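Architecture at a glance
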Amino acid sequence: MTSSYDVLRIAERLCADDRDDEALTWLERGLTDFEPDSRLRDLAAGIHVRAGRLDRAGEMLWSNFTDRPSLETFRALRDATAGDFPHWRERALAFLAVLPPVKGSWSSGRSTLVEILLADDENEAAWQAAVDGGCSEGLWLRLARVRAASHPADAIPILLRAADRAIEARNRDSYKAAVRLLAEVKALFARCDRDDDFRAHMTVVRAAHRTKWALRQELDWARLP
């Protein structure tokens, strides 16, 4: 065998022929002889699940998760370990909580922790994780919209920042996106009884971008101040 992929192909054929034990022998050899390969672990985990060895499946998928922390690898661990998952989940969240935050990354650091907590409807914990360690721009926007239901004032600066960044892209589509965000945040200002603050903000926006006629046009069409 010259690569882990060769091992994978043989093991897949053996599994297709209901020869799981032989496939597992090949997979274990591949994991020993070659660099770690998540595909080998995935297939080995599936064999362990079919045999009822959920602890062994969890070990395989835990290695995948720690090698590449993501919502996808977290869900694979959850699906394979079934009733044993609360133990693995606790380990996973603790692991993510101490990872160094990675600026601009959606797949590691606090972004993964935030994404997992949001997916599990643990919105308060997701918010706190983002406040403590940051997360990607897209996740901040998702968080803000969830947070707005109970804490509209917390969501306002995030939506305003997203609108500013959209304006910086300097094209018609980005201006439309910015205007949608500004219209969204206008309602949050109103819920906080801060209509005057919104108008003051819009005065600043229009003054700062007075040469961008396309943006002004979009603002006018949306009837924003």
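Presented here is a report on the structure given in the accompanying data block. (Residues numbered from 1 in each chain as written. Predicted model: local features only at pLDDT ≥ 70, side-chain atom pairs only at ≥ 80, totals over all residues. Heavy atoms only, no water.)

1. Thoughts on the overall build of the protein
Quick reminder of the rule: Runs of E in the DSSP output that reach at least two residues are strands. Runs of H or I that reach at least four are helices, and both are numbered from the N terminus. Here the term buried applies to any residue with accessible area under 20% of the maximum for its type, exposed to any over 50%, and partly exposed to those in between, with areas from a 1.4 Å probe on protein chains only. To measure how exposed things are, a 1.4 Å probe is used in the Shrake-Rupley method; for residues, cover is taken only from the protein chains shown. His is not counted, nor are the chain ends; Lys and Arg add positive charge and Asp and Glu add negative charge. The atoms used to mark charge sites are NZ of Lys, CZ of Arg, CG of Asp and CD of Glu.
Helix and strand content of the protein: 13 helices and zero strands. Along the protein, helices (α) and strands (β) appear in the sequence α-α-α-α-α-α-α-α-α-α-α-α-α when read from the amino end. With respect to the three principal axes, the spread of C-alpha positions in the protein is 70 × 35 × 30 Å. Out of the 225 residues in the protein, the part that is buried amounts to 43%. As displayed, the protein has an accessible area near 12300 Å², and 50% of this comes from carbon and sulfur atoms. Positive and negative side-chain charges in the protein, numbering 34 and 37 respectively, have mean positions lying 9 Å apart.

2. A short note on the pattern of salt bridges
Our working rule: Take a side-chain nitrogen of Lys or Arg and a carboxyl oxygen of Asp or Glu: if they are within 4 Å of each other, that pair is a salt bridge.
Counted by the stated rule, this structure contains 18 salt bridges. The salt bridge partner of arginine 50 is aspartate 20, with a shortest N-O separation of 2.9 Å. With arginine 50 in helix H3 (residues 38–50) and aspartate 20 in helix H2 (residues 20–33), this pair connects stretches of sequence that are 30 residues apart. For glutamate 72, the salt bridge is made with arginine 68, and the minimal N-O distance between the two is 3.7 Å. The partly exposed category is assigned to arginine 68, whose relative accessible area is 41%. Among the ionic contacts, a cluster of salt bridges with common partners joins Glu28, Arg56 and Glu59.

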